[in-house]
Amino acid sequence: MIALAQVSPAPGSLPWLVLHDVRVKARGREGRWGRIIAMLLLALLPIIGGAAMAWRVRGGADLPVAALGSVGAVLLGMVLVMVSSAYAHVLRLSRDRGELELLLTAPLPVARVVAARVAGVQAVVALPFLLLTAPFFLFSAAFGHVTWVAGPLVVVAVALVATALALTIATLLDRLLGPKLAKLVAQVAGVGLAASVFALGQAPNFAPKWFDAQLAFFSQRPPSPLDWPAQAVFGQPLPLIAVLGLALVATQCSAWLAASRMEAAPADPTAAPPVPRRGRAVRFGGSATAALFGKELKLLGRDPELISQIGQQLVFMVPIL
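Source: prediction; values computed, not measured.

**Q** Residues and numbers for the overall build of the protein chain, please.
**A** What the protein chain contains, in helices and strands, is 13 helices and zero strands. If you list the helices and strands of the protein chain from N to C, you get α-α-α-α-α-α-α-α-α-α-α-α-α. Per-residue burial for the protein chain yields a buried fraction of 31% across its 321 residues. Counted over contacts in the protein chain with a minimum sequence separation of 6, partners at least 24 positions apart contribute 84%. Roughly 20,300 Å² of accessible area belongs to the protein chain as shown, and the carbon and sulfur atoms make up 72% of that amount.

This is the structure:
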């Protein structure tokens, strides 16, 4: 017990706050056995697949020039997915303020609390991609490609940059459109992004020639320095330093933007119940269909996040229809 207490971070410290925030965000509706099975699958499948892929490329060069274009395209897609994931968590920074207000009343520096909330978002965004890619890079390093151990560092750096981009987009939309309309636009954009990703996944079936042409285009090596992120994955010193430096700048920007959002929006203006208008007549009756559609539209107006949930389900139903 004493050794365990020495390993765990001290209560109130930045690592302790980050771990607590990650645990809160990782809570799901599944039971204990469901979480255990999901964790085992998430741990075993990437390990087996990563080991097989690392064994397959063990005899290649430390810098596979022919794969730089494909790796760069994968990193670009990773940025888009991470920005979408980070944006969903960024919207909750100013909305879920109950626990935040409790932390701010504790004898803790405000900067540490804000840094912990931002680091929690960054960790949740990066963790799924680390689980998928880290086994491949670690097994590759064990099989001789020692410099490929930089791959997980690049994944973390991409998550830091994506979180900064999400905070920047959220701040600009709030200032241009207002919090309520900005949230609505973000949810509609999320549905459009999901539809685009789904359409791209179905492109080999519906437009095979176009898909092959796009694969050929992205397989080409981009001009320098656009290929630096791909080179950083394989541990090239100068590109790796540049990517990590960009990640540090993004971290500072994220902390500043998160602090400004929390100060500018002490409470979610869309969470307050609407004030009923005086003199407005309440009408009852009508058909059941009209009442049902009216209720659903009112729910969408109160909680715009339902738009993305319903819209993504409708997108996935297109092939069935």
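**Q** Just give me the short version of helix α7 (residues 151-177), but keep the residues and values in it.
**A** Between its first and last C-alpha atoms α7 spans 38 Å; for 27 residues at 1.5 Å apiece the expected length is 39 Å, and the two agree. A positive phi of about 95° marks Gly 178, the residue just after α7.

**Q** Could you give an account of the side chain of Gln 231, with specific residues and numbers?
**A** Position of Gln 231 relative to the elements: it lies in helix α10 (residues 228-233). Judged by relative accessible area, Gln 231 falls into the buried class, the value being 10%. If sequence neighbours within four positions are ignored, Gln 231 has contacts with Leu 63, Leu 68, Arg 221, Gln 236 and Pro 239.

**Q** Requested: an account of a nonpolar patch on the surface, with residues and values cited.
**A** Among the surface-exposed residues, Leu 172, Leu 176, Leu 177, Leu 181, Leu 184, Val 185 and Val 188 lie close enough to one another that they form a single nonpolar patch of about 610 Å² accessible area. For the nonpolar patch, the elements supplying multiple residues, two or more each, are α7 and α8 (179-206). By residue number, the principal contributor to the nonpolar patch is α8, which donates four residues. Within the element layout of this structure, Leu 176 appears in helix α7.

**Q** Go over the nonpolar core with me, naming the residues and quoting the values.
**A** Taken as a class, soluble globular proteins show a tendency for nonpolar side chains to be buried jointly. Core analysis: the biggest nonpolar cluster contains 40 residues, and Met 78, Met 82 and Tyr 87 have the highest contact counts within it. Secondary-structure elements contributing two or more residues to this core are α4 (68-93), α6 (110-142), α7, α8, α10 and α11 (237-264). With 11 residues, α7 is the largest single contributor of residues to this core. The residues touching Tyr 87, leaving out its near neighbours within four places in the chain, are Ala 166, Ile 169, Ala 170, Leu 173, Ala 182 and Ala 186.

**Q** Residues and numbers for unusual backbone geometry, please.
**A** In the segment running from Ser 224 into Pro 225, the intervening peptide bond is cis, with an omega of 5°. Looking at the element boundaries, Pro 225 is found in the loop between α9 (208-218) and α10.

**Q** So, the pattern of salt bridges: which residues are in play, and what are the values?
**A** Counting across every chain of the model gives one salt bridge. Two residues, Asp 227 and Arg 221, come together in a salt bridge whose shortest N-O distance is 3.0 Å. What makes Asp 227 buried here is its relative accessible area of 1%.

Calculation rules
Residues numbered from 1 in each chain as written. Predicted model: local features only at pLDDT ≥ 70, side-chain atom pairs only at ≥ 80, totals over all residues. Heavy atoms only, no water. Helix = DSSP H or I, 4+ residues; strand = E, 2+ residues; numbered from the N terminus. Buried < 20%, exposed > 50% of the residue type's maximum accessible area, 1.4 Å probe, protein only. Contact = heavy atoms within 4.5 Å. Areas by Shrake-Rupley, 256 points an atom, 1.4 Å probe, with all protein chains shown as cover. Expected span 1.5 Å × (residues − 1). Patch = residues over 30% accessible without salt bridge, like charges linked within 9 Å, V, L, I, M, F, W, Y side chains within 5 Å. Salt bridge = Lys/Arg side-chain N within 4 Å of Asp/Glu carboxyl O. Core = buried A, V, L, I, M, F, W, Y, C linked by side-chain atoms within 4.5 Å.

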